[in-house]
Structures are given as C-alpha cells and as structure tokens.
Amino acid sequence: MSDSSTNQTPEVSIRQLRRTYGDAVALDSIDLDIQPGEVIAVLGASGCGKSTLLRLIGGLDQPTSGTIDIGGVRVNTPGFVMPAEKRPVNMVFQDYALWPHMTVNQIIRFGMRYRKIPKSDWAPRTKELLSLLELDGLGDRFPRQLSGGQQQRVAIARALATNPRLLLLDEPLSNLDSQLRLQMRDELAVILRQVGTTAMYVTHDLQEALTLGDRLIVMRHGKIEQMGTALDIFRRPATPWVAGLVGFSNRVQVEVERALDGRIQVRQGDRRLEISGDSNSVSSGDRMTMMMQPAALSLAEVDKCNSNCITAVVRDCHFEGLSWRLRCAAGDSLLTVHADRSVAPGEMVCIAVPPERARAYPSEAVAAA
Ligand code: ADP
Ligand code: MG
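Residues numbered from 1 in each chain as written. Chains lettered and ligands numbered in written order. Predicted model: local features only at pLDDT ≥ 70, side-chain atom pairs only at ≥ 80, totals over all residues. Heavy atoms only, no water.

*Asks:* Summarise the state of the cysteines; cite the residues concerned and give the values.
*Replies:* What the rule picks out here adds up to 0 disulfides. The cysteine Cys317 is free of any disulfide, with Cys328 supplying the nearest cysteine sulfur at 8.7 Å. According to the relative accessible area criterion, Cys328 is buried, its value standing at 0%. (Disulfide = S-S within 2.5 Å. Buried < 20%, exposed > 50% of the residue type's maximum accessible area, 1.4 Å probe, protein only.)

So, in structure tokens, the structure goes:
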C-alpha cells in the first residue's frame, strides 16, 4: 500500500490514527497524506469508519492515538485537541443542516462573519458562490422554499464561503433521489476542481467515488484496504475483497505454471491463460482464484478461440436490452458474460479474457475475504 509521492508539503498528514470505543475499534492504523488541491474519495460500507475519520480531521471527535496535521499544523497532541472552529476546515453533511430561520444569503454569510472575513467581502463573495453553485436569484429564500438539491448546494456554498484549506463532505448526496444524485455528482466534480480546495469525500457509492476522487481510499473494518487512483482500484484491486467491491464477480480456479516479468501463466481446465499481475509473489504450482468483471469478458469467435480463452457451456441466456447476459459453466464455476447475440443453453462457447483485465489471488485469501 503506497501513497503517491510528491515534493509538496501535504495539506493533511495523518499518522497511525486510531479511535476506539471501549473494546470496539472504529478506526485503526490510518496513515495518509493528502496533497494540496487533491480530492480524496473515501469508499466503504456502512460502519467501516468513514465518518469517524472525517470527524477526527474536522475536530468533532478526539483520536485515541495518532496524529493529524493540517496545513503543517498539528491539530492534536496528547492533552490538546484544536477545537473544530479553530481548524481551517469545513464540513458538509448528508442532512444539509441549514438554519430554517435564515435566508440563503444569511446562511452563506454566517461563517464569514464568524471567521472574521472583512465585511466588504461578504456581498461579492456571496454573489460569486451563488453563481458558482447555480443558485442565482435564490439569495432571499428560506431553506423550506428550496428543493433538496438546491438545499445541498447552499450547504456547499456555506462550507466554501470561508475559503477552508480543507472541505470534508460526508455522504452529501445520500438524501437526493437517484436522478438528482447523478446530476449533482457530476456538477460537484466540476465545482470541486474549479474551486481547487483540498477535499475529502465520503461515500458508500462506487460510482460516486470513481467520479469524484483524484484518489480513492477503500476502507474496511476501520482500516485502509487500498489507496490509489480510480483506475488502480477499478482495474487493479489489491485484494480479493476490493476486487469483489468493484465487480470482479466471476471466479475461476487456476494453477500457476510460470510467473515472470509481470505476467502469470496459469492453467484452467485444459487451457492455458496469461494474466498480468505481481509475478514475484507467486510461484509455479500455486493454486489461485482468477477474478474478472463480467464487462471485461466477451465471447470469442470459435475459429479465433486459440489463446486466453476459457471454454464454457451456456447455462442460461437473458436479453437485457443493450445485450444478452449469459451464465456459463466452466468446471465448477459459473461465469457471467455479456454477448451481442442470443446463445442457446447447452452450446459451447469461448470466453475471451484480456490479460490486463483478470486478477489472480491466492485461493485461501479469496475464501477468507
Ligand atoms: P461509517 O461512517 O463508515 O458508516 P462510522 O465511522 O460512523 O462508520 O462508525 C464506525 C464504527 O464505529 C461503527 O462500528 C460504529 O458503530 C462505531 N461508532 C461510531 N460512533 C460511535 C460512538 N459514539 N460510540 C460507539 N461506537 C461508535
Ligand atoms: Mg458515516
């Protein structure tokens, strides 16, 4: 697990962060550097510690041990925790937490007054933010007079108003319906890049994390399971658990024949396949489980079926609108693959496996994941 190395001073630097509640470990062994302007998406299932991590950085909670530096300043040491309002950080939550008795303008200005931004800046800054978040003309409305999407945009404008070094967003789109959520996701990605603020975006939604994050942190049971770019996570999951998370739902048992220079040659049934991977960590004879995303597979023409294919028998075939979804038996495995034609159950097919789109993990690690 490596962090991207640059020469810049990280905006946020976290070392060995831990938070326990009695015997329960909510967060453990967190090491993380966030570079200035970077948007980090924190992805993981409910209860894995995402909000705990954000609350510790924001100053809403105290770590059991470990350190957090923001902008080169240590915000927690033994016996000292810098209060939330002193940190150059703002948070946006799932429930927009807008004050019902204030207008949009008043809500956005509230933080500027609090953080002692000169009064002459309030009006132009408010106007600029309303425009950035496409809220022009809504400054005099109360929250109840706005749609859910508009309310969340006000919450984001309020958080940006004081030019925080770091913006923390905890599942900010979870309360929106799916159509609006998709639209806001794309808009938010543009806004965050436009503003250039360093941000941490917590979500349990894979697509949201892939769209919004320059880098992703995948969390599980309070720990970081993998850290990397969207492509790293989606194409090169480091563990079988991450592979499962990003849709590597097809599994086939294989045996390693040879491993050299990032290429692993495996035997599956009576066929030989090559896949890319860490050839140094495997040796011939190893029993591994090859995992693949259905969308990475295709049916090969039978006369071209000579390399990197799995032979299988079609079990069933369903039309899904854009394609047909086949489930095919290969040895003990049932593989899902999409095809541009209907195939009769019982027919023999060749499933092409692009070497760079399959991953192999030790079978015992897959069973334990
Ligand atoms: P996530 O945001 O990923 O859903 P959280 O960070 O909220 O997860 O919670 C991580 C773990 O810590 C969970 O198991 C949760 O039950 C536990 N936890 C969070 N806050 C408290 C608390 N105040 N007291 C006890 N346990 C807590
Ligand atoms: Mg949470």
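*Asks:* I'd like to hear about unusual backbone geometry, residue by residue, with values.
*Replies:* If you check the backbone angles, Ser29 has positive phi at about 55° while not being a glycine. One can find Ser29 in strand β2 (residues 24-34). Positive phi, close to 45°, is recorded for Glu171, a residue that is not glycine. Looking at where Glu171 falls in the secondary structure, it is placed in the loop between β9 (166-170) and α5 (178-195). (Helix = DSSP H or I, 4+ residues; strand = E, 2+ residues; numbered from the N terminus.)

*Asks:* I'd like a description of the domain arrangement of the protein chain, backed by residues and values.
*Replies:* Under the domain assignment used here, the protein chain contains domain 1 (12-241) and domain 2 (242-368). Distance between the C-alpha centres of domain 1 and domain 2: 39 Å. Across the contact, 14 residues belong to domain 1 and 14 residues belong to domain 2. Carbon and sulfur atoms make up 64% of the area that domain 1 and domain 2 hide from each other, which totals about 1,200 Å². For the domain 1 face of the interface with domain 2, the top three residues by lost area are Arg235, Pro237 and Pro240, together amounting to 48%. Here domain 1 is connected to domain 2 by 0 salt bridges. Inspection of the domain 1/domain 2 interface yields 9 residue pairs in polar contact (both at pLDDT 80 or more). When residues of the side of domain 1 that touches domain 2 are traced back to their parent elements, those giving at least two are β12 (223-228), α7 (230-235) and α8 (240-245). By residue number, the principal contributor to the side of domain 1 that touches domain 2 is α7, which donates 3 residues. Broken down by class, the residue content of the side of domain 1 that touches domain 2 amounts to 9 nonpolar, 2 polar and 3 charged. (Domains from an automatic or database assignment. Contact = heavy atoms within 4.5 Å. Buried area = accessible area lost by both parts, 1.4 Å probe. Salt bridge = Lys/Arg side-chain N within 4 Å of Asp/Glu carboxyl O. Polar contact = N/O pair within 3.5 Å; in protein donor to acceptor, adjacent residues only side chain to side chain. Nonpolar A, V, L, I, M, F, W, Y, C, P; charged D, E, K, R; others polar.)

*Asks:* Could you give an account of the pairing of strand β22 (residues 358-362), with specific residues and numbers?
*Replies:* When you tally the buried positions in β22, you get 4 out of 5 residues, the bulk of the element. With 5 bridges connecting them, strand β16 (residues 287-292) and β22 associate as antiparallel partners. When the bridges of β22 are listed, Met288 appears paired with Pro362. (Pairing = 2+ DSSP bridges.)

*Asks:* An account of the site of ligand 1 is requested, with residue identities and associated values reported.
*Replies:* Looking at ligand 1, the residues that line it are Tyr21, Ala26, Ala45, Ser46, Gly47, Cys48, Gly49, Lys50, Ser51 and Thr52. Within the side chain of Lys50, one N or O atom sits 2.9 Å away from an oxygen atom of ligand 1. Alone, ligand 1 offers 560 Å² of accessible surface; in the complex the protein occludes 53% of this. By residue number, the principal contributor to the shell around ligand 1 is helix α1 (residues 50-58), which donates 3 residues. Class assignment for the residues of the shell around ligand 1 results in 4 nonpolar, 5 polar and 1 charged. (Near = heavy atom within 4 Å. Areas by Shrake-Rupley, 256 points an atom, 1.4 Å probe, with all protein chains shown as cover.)

*Asks:* Report on the side chain of Asp316, specifying residues and quantitative values.
*Replies:* Summarising the element assignment, Asp316 is placed in strand β18 (residues 309-319). When residues no more than four places from it in sequence are discounted, the contact partners of Asp316 are Arg325, Leu326, Arg327 and Pro345.

*Asks:* Mind laying out the sheet that holds strand β1 (residues 12-21), listing which residues take part and the relevant values?
*Replies:* Across the sheet, which stays open at both edges, the 4 strands sit in the order β2-β1-β4-β5 with antiparallel pairing between neighbours. The open sheet is flanked by β2 and β5 (73-74), the only strands paired with a single partner. In the sheet, β1 pairs with β2 via 7 bridges, with the strands oriented antiparallel. Within the sheet, the bridge partner assigned to Ser13 lies in β2 and is Asp33. The sheet strands contacting α1 are β1, β2 and β4 (65-70), and the helix crosses β1 at an angle near 120°. (Axes fitted to C-alpha atoms, helices over the stretch in contact; angles between N-to-C directions.)

*Asks:* Please give an account of the nonpolar core that cites residues and values.
*Replies:* Ranked by internal contacts, the top residues of the largest apolar core, which has 36 residues, are Val92, Ile108, Val154, Ile156, Leu167, Leu188 and Leu192. For this core, the secondary-structure elements that each account for two or more residues are α2 (104-114), α3 (119-132), α4 (148-160), β9, α5 and β10 (198-203). With 6 residues, the top contributor of residues to this core is α4. Discounting chain neighbours no more than four positions away, the residues touching Ile108 are Thr126, Leu129, Leu130, Ala157, Arg158 and Ala161. (Core = buried A, V, L, I, M, F, W, Y, C linked by side-chain atoms within 4.5 Å.)

*Asks:* I'd like a description of the sheet that holds strand β8 (residues 89-92), backed by residues and values.
*Replies:* Ordered in space as β8-β9-β10-β3-β11-β12, the 6 strands form an open sheet in which the pairing is mixed. With partners counted over all chains shown, the strands left at the sheet margins are β8 and β12, one partner each. Within this sheet the neighbouring strands show an average axis-to-axis angle of 20°, counted without direction. Strands in contact with α1 are β3 (39-43), β8, β9, β10 and β11 (215-220); relative to β9, the strand with the most contacts, it is inclined by about 150°. Strands β8 and β9 of the sheet are contacted by α4, whose axis makes an angle of about 175° with β8.

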